[in-house]
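If you want the building blocks of each chain, they are given just below.
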Amino acid sequence: MIFDYQPLWLSLQLAIITTIFLLIIGIPLSSLLAFRSFRFKSVAEAVISLPLVLPPTVLGFYLLIAFSPNNFVGEFLQNHFDIRLVFSFPGLVAGSVIYSLPFMIHPLQAGLQGVPKEYKEASYTLGKGRVKTLFKVILPNIKPSILTGIVLTFAHTIGEFGVVLMIGGNIPGKTKVASIAVYDEVESLNYHAAHIYSIILLLVSFFILLLAYSWNKRFFKAGLPS
Amino acid sequence: MIDISIRKRLHIAEGIDVLSVDAHIREKEFVVVSGKSGAGKTSLLRIIAGLMKPEKGTITVNREVWLDTENKINLPVQKREIGFVFQEGALFPNMTVLENLEYAAGKQHDHSFLIRLLQMAGMDSFASRRPETLSGGQRQRVSIIRALARKPALLLLDEPFAAIDAEMRNHLRLELQQFHQECELTTILVTHDMGDIFSLAQRVMVIDKGKISREGSPEEIFGDIKTDRRVPLRGEVLKIQRTGVVYIAEILTGQHILKLVVGEDEQAAMPPGSEVLICPGAFDPVITVLT
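Since the model is a prediction, treat every value here as computed from it, not as a measurement.

All right, on to the interface of chain A and chain B then. The interface is formed by 19 residues belonging to chain A together with 18 residues belonging to chain B. Of the roughly 1600 Å² buried between chain A and chain B, counting both surfaces, carbon and sulfur atoms make up 63%. Three residues, Glu121, Thr125 and Leu126 of chain A, lead the burial of chain A against chain B; their summed loss comes to 36% of the area buried on that side. Our count for the contact surface shared by chain A and chain B stands at one salt bridge. Between Arg46 of chain B and Glu121 of chain A there is a salt bridge, with its nearest N and O atoms 2.6 Å apart. Along the contact surface separating chain A from chain B lie nine residue pairs in polar contact (both at pLDDT 80 or more). Listed by contribution, the elements that provide at least two residues to the side of chain A that touches chain B are helix 6 (117–125) and helix 7 (130–138) of chain A. The element that contributes the greatest number of residues to the side of chain A that touches chain B is helix 6 of chain A, accounting for eight residues. The class makeup of the residues in the side of chain A that touches chain B is six nonpolar, six polar and seven charged.

So, on to the pairing of strand 4 (residues 56–61) of chain B. All names here are of chain B. Covered by surrounding structure in strand 4 are Gly57, Ile59 and Val61 only, the residues Lys56, Thr58 and Thr60 on the alternate face being uncovered. Both strand 4 and strand 5 (residues 64–68) contribute to a ladder of four bridges, which runs antiparallel. Within the sheet, the bridge partner assigned to Thr60 lies in strand 5 and is Val65. Between the end of strand 4 and the start of strand 5, which pair antiparallel, lie two residues, with Asn62 showing a positive phi angle near 45°.

What follows covers the domain arrangement of chain B. You can read the domains of chain B as domain 1 (2–221) and domain 2 (233–290). Computed over C-alpha atoms, the centres of domain 1 of chain B and domain 2 of chain B are 33 Å apart.

What follows deals with the environment of Ala34 of chain A. All names here are of chain A. With respect to the helices and strands, Ala34 occurs in helix 1 (residues 6–35). Separated by 75 residues in the primary sequence, Ala34 and Gln109 have C-alpha atoms spaced 5.5 Å apart. Those residues within four positions of Ala34 in sequence are excluded, and the remaining contacts are Gln109, Leu112 and Gln113.

This part is about helix 3 (residues 56–67) of chain A. Here helix 3 of chain A contains twelve residues, and its C-alpha end-to-end distance of 16 Å stays within 8% of the 16 Å for a straight helix at 1.5 Å per residue. The elements touched by buried residues of helix 3 of chain A are helix 4 (72–81), helix 5 (89–114) and helix 9 (162–168) of chain A.

A separate point is helix 1 of chain A. Helix length check: helix 1 of chain A (30 residues) gives 43 Å between terminal C-alpha atoms against 44 Å at 1.5 Å per residue, within 8%. Where helix 1 of chain A bends most, at Gly26 of chain A, the angle is about 35°, and the proline Pro28 of chain A comes one to four residues later.

In the structure shown here, the tally under the stated rule is ten aromatic pairs over all chains. Pairing Tyr119 of chain A with Phe92 of chain B gives two aromatic rings, centres 6.3 Å apart and planes at 90°, and the pair type is edge-to-face. On the criterion of chain membership, the pair formed by Tyr119 of chain A in helix 6 and Phe92 of chain B in the loop between strand 7 (82–85) and helix 2 (97–105) is interchain, its members lying in two chains. Where Phe206 of chain A meets Phe207 of chain A, the ring centres are 5.2 Å apart and the plane angle is 75°; that geometry is what we call edge-to-face. Among the aromatic residues, ring-to-ring pairing joins Phe3, Tyr5 and Tyr197 of chain A into one connected group. A cation sits over an aromatic face here: Lys128 of chain A above Tyr103 of chain B, 5.2 Å from the ring centre. If you follow Arg146 of chain B out to its NZ or CZ, it ends over the ring of Phe92 of chain B, 4.5 Å from the centre.

All names here are of chain A. Helix 10 (residues 178–187) packs onto helix 1 with a crossing angle of 150° between their chain directions and a minimal axis gap of 7 Å. The orientation of helix 1 with respect to helix 10, classified from their angle, is roughly antiparallel. When helix 1 is examined against helix 10, the residues Pro7, Leu8 and Ser11 are found in contact with a partner set consisting of Ala178, Ser179 and Ala181.

What follows covers the pairing of strand 3 (residues 30–34) of chain B. Residues and elements named next belong to chain B. In terms of residue burial, strand 3 counts as a mostly covered element, since five of its five residues are buried. With burial as the criterion, each face of strand 3 is covered, one bearing Phe30, Val32 and Ser34 and the other bearing Val31 and Val33. With four bridges joining them, strand 3 and strand 9 (residues 186–190) adopt parallel strand pairing. By the bridge assignment for strand 9, Phe30 is matched with Thr187. Here strand 3 runs beside strand 10 (residues 203–208); their pairing, made up of four bridges, is parallel. Bridge assignment links Val31 to a residue of strand 10, and that residue is Arg203.

Calculation criteria
- Each chain carries its own residue numbering, running from 1 in the written order of its sequence.
- Labels follow written order: the first chain is A, the first ligand is 1, and so on.
- The model is predicted, so local features are restricted to residues of pLDDT at least 70 and side-chain atom pairs to those at 80 or more, both for listing and for counting; the totals for chains, interfaces and linings are taken over all residues.
- Values reported for side chains reflect all heavy atoms of the structure, with hydrogen atoms and water molecules removed beforehand.
- When checking whether two residues touch, look at their non-hydrogen atoms; a contact exists if any pair is within 4.5 Å.
- Computed with a 1.4 Å rolling probe, the buried area is the accessible surface lost when two parts are put together, summed over both parts.
- Within this document, salt bridges are pairs made up of a side-chain nitrogen of Lys or Arg and a carboxyl oxygen of Asp or Glu, the two lying within 4 Å of each other.
- N or O atoms closer than or at 3.5 Å make up a polar contact, with two conditions inside protein: a donor-capable atom paired with an acceptor-capable one, and, for residues adjacent in sequence, both atoms drawn from side chains.
- Going along the chain from the N terminus, every DSSP run of H or I of four or more residues is numbered as a helix, and every run of E of two or more is numbered as a strand.
- Amino acid classes used here: Ala, Val, Leu, Ile, Met, Phe, Trp, Tyr, Cys and Pro are nonpolar; Asp, Glu, Lys and Arg are charged; the rest, including Gly, are polar.
- Throughout this description, buried means an accessible area under 20% of the type-specific maximum (1.4 Å probe, protein chains only), exposed means over 50%, and partly exposed covers the range between.
- Think of it this way: DSSP has to see at least two bridges between two strands before they count as a pair.
- As annotated, the domain borders come from an automatic or database domain assignment.
- To estimate the expected span of a helix, count its residues, drop one, and scale the result by 1.5 Å.
- We define the bend at each residue as the angle formed by axes fitted to the 7 residues ending at it and the 7 residues starting at it.
- Here a Phe, Tyr or Trp ring, Trp counted by its six-membered ring, pairs with any other such ring whose centre lies within 6.5 Å, and the pair is stacked when the planes are under 30 degrees apart, edge-to-face when over 60, and tilted otherwise.
- For a Lys NZ or an Arg CZ to count as sitting over a ring, it must be within 6 Å of the ring centre and within 35 degrees of the ring normal.
- Axis lines are fitted to C-alpha atoms, over the contacting stretch for helices. Their N-to-C directions set the angle, which ranges from 0 to 180 degrees.
- Any angle between 65 and 115 degrees counts as roughly perpendicular, while under 35 counts as roughly parallel, over 145 as roughly antiparallel, and the rest as oblique.

See the structure below:
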């Protein structure tokens, strides 16, 4: 029997792309939540945290409806950008970004809030603007939180199942990621392949976390929730 | 030359108070702003720096308008040419001592000036050390020279020596005095430490409940302190006990507790916690309550 590595490769791609996207979105978004107060801030925080408690199938179901070309969001994307998010890899990325949002935002926000206010103010009194202060002073001092955000997002995306299945379906080579492949193989009583996928996922997840914990201990003396 | 006239509502422990200050500071003057904690002295400093905005007021520095609420002018903190020294130093932990200075001085800086600052502070051999490996006094030294790296005309310090032991504090005061003169600075220092006031201030402004209550040279302000041949001791009243017709005040000076006899009127003026100056004499020590 030939073992198909494609789902593993797809999972890896999905996790990397999602993590990069979330890092780009997460830094400004978490700065906003950590440093500014605005109306409906609690609403924004609640929405961001929803994926923590919501069954993935519920989120996946709504995203499926929203992304469908028959509905406004889907239609808009299709007509203006020629992007179709249902049953496609970009759709998986979009779903994963939303689903893993709290795993990036929460560590970043906590890290940012832990930076003494004086660092920011000192940088301002030295004539430096907000952006320079963020990149030169604040972010370098929350490296453990950034690493935590990256690791949790990555690992969480690798382990995702419900959202991916709902939005992506199970199209080999396009949307069939490793977690779905396990389910698929078990369903067709192909336990041998299911074992291979499972053990690889297990080991990858374990070693990512192990690496992160030992890094944090060695270099930063703080960081991951323990 | 600095002209300040500001009004700002402050939320303090006892409710809301209004910080209302009109002051005039000459060029190259060393002004100490003193007063109890919560009186509004740090707020005043932050308003001058641009870290806090008052409801009403004007700040003019060397004929340049930094703040004019009537005309909606509020120069952002980055554009105000100041050096600000925070109580805890606020050195950036991700940078070495030299990197902290370089960050402050900006891209096109004069490297030899930074080296000179390091030498003046006696920190040149620590240039590549990270702040966390320095002692409290060393950190505050670096913090002062970092504030000077941009060559500001105005140096603002917020209780910079509060967390530093007495011996080191004396060194740092001398160094600050030296920087004040050599860099031709106008300096405003916020403190409630009598040592800071007497060794540094050309002029003291005492802020009480948001207003300048007294202003003048340290001797003028705390002038009733006898400056005769007796050596004054600074202390804090710990407790006062009545013994028969007299009162015994326990006063902590340095590591020692002095028990002194005080009269009824005297003891009423110095509840536990007040700072006092004791001029010891053979029979009757003179105790002066400081505010």
